[in-house]
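# Structural features, examined
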Amino acid sequence: MPELESDSVQVTDSPFTPAEALPGDVQLQSSGFLLELSADWLVLRASENVHEFLGEYHVTLIGEPLAEFVRAQPLHDLRNTISRQSGRSGIARAYRVRLTDSPRCFDLAFQLSGGKILLEGLHCADENLGAALGSVSGLIDGLVGKDRSTLLENAARRIRALTGFDCVRISTSGDGRDESAESSRAGWPARTDPADRLNESLILGDATAESVCLFPRTPSDRAPEKALLRLPAREQLEPIRARGIRSLLNVPIRLDGKWAGQIECENRDPREPSFELHAATELFAQMLALRLEIDRLGR
């Protein structure tokens, strides 16, 4: 990866004074940026920190084609990927993408939501790209259990080894019964209220860090609610903070497109958000769902 020295994008404090977030409006973690795009790739909304990544302020981007601000080749590749996603749910990712003339690179996640395209970006990891995804196959190969409970316990231990989080909890639902398993470090506090579970994909790097708003303020626009880097709503965030949790990684378990459970990873310390780690956990969840279905059919 190129060194980021004097050629990096230089930004100063934004000359635009952010307005307060409106009730119900989605906010984003400041560790990444978000662009909400129309089907023809016009910028509809942008996180107010986008200038720290792309060198252009959010007010400049609104209503303009994304092609005015990013290089042609990565945009062409993103368009092709989104066209393959058409009609399907799911999150696509791209790693070490150089979006602008600056040598800095980004890891990207993009998906369709409410007829819009959500494009999220993070500064790319400096090393070990591919290590998490490359380890999933080996972890799944040895996943066995004499019954469903043992299978879930073994899976929780393996996901904890994959992610490095302090606690991993797997919850499943099906055939009229709910089951769960947990792997955690010694002394990890038990959850007393299962209602604070977040049944959705999410990467939370630091529950106490500052957040940024999307511009323009449009609380009626619910498309960004699917963003991986969105900040949980206040009523969801408060119990997380009260338990001393700083970072989270959540991945649903789906079978035939239907919700069948959840993988929840929690950590006491903040963690740098990683699209690759989320993708690896998502891949593990897909393979675990198949193992659980085979177990169900074999009973």
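Let us look at the structure shown here. (Residues numbered from 1 in each chain as written. Predicted model: local features only at pLDDT ≥ 70, side-chain atom pairs only at ≥ 80, totals over all residues. Heavy atoms only, no water.)

### Let's talk about the overall build of the protein chain
Definition in use: Labels follow the DSSP assignment, with helices taken as runs of H or I lasting at least four residues and strands as runs of E lasting at least two, numbered in each case from the N terminus. The classification of residues rests on relative accessible area computed with a 1.4 Å probe and restricted to protein chains. Under 20% of the type maximum is buried, over 50% is exposed, and intermediate values are partly exposed. The contact rule is simple, with two residues in contact once any of their heavy atoms fall within 4.5 Å. Using the Shrake-Rupley algorithm and a 1.4 Å probe, accessible areas are obtained, with residue cover drawn only from the displayed protein chains.
If you tally the helices and strands in the protein chain, you get 7 helices and 12 strands. Counting across all 299 residues of the protein chain, residues that qualify as buried make up 48%. Contacts in the protein chain between residues far apart in sequence, at least 24 positions, make up 67% of those at least 6 positions apart. Of the roughly 14,400 Å² that the protein chain leaves accessible, carbon and sulfur atoms contribute 48%.

### Some details on the sheet that holds strand β4 (residues 92-97)
Selection criterion: Two strands qualify as a pair provided that DSSP identifies no fewer than 2 bridges between them. Lines fitted to the C-alpha atoms define the axes, with helices restricted to the stretch that makes contact. Angles between their N-to-C directions range from 0 to 180 degrees.
Reading across from one edge, β1-β10-β3-β2-β6-β5-β4 is the order of the 7 strands in this open sheet, with antiparallel pairing throughout. Two strands in the sheet have a free side with no partner beyond their single neighbour: β1 (27-29) and β4. Within this sheet the neighbouring strands show an average axis-to-axis angle of 25 degrees, counted without direction. Summarising the sheet, strand β2 (residues 32-37) and strand β6 (residues 116-123) pair through 6 bridges and their orientation is antiparallel. Residue F33 lies in a different strand from β6, and its bridge partner there is G121. Strand contacts of helix α3 (residues 72-85): β4, β5 (106-113) and β6, with the helix running at about 35 degrees to β5, the strand carrying the most contacts.

### So, the environment of I203
Position of I203 among the secondary structure elements: in strand β9 (residues 202-204). With a relative accessible area of 3%, I203 lands in the buried category. Along the sequence, I203 and S247 sit 44 residues apart, while their C-alpha atoms lie 7.8 Å from each other. Apart from the residues lying within four places of it in its own chain, the contact partners of I203 are Q29, L228, L229, L248, P273, S274, F275 and H278.

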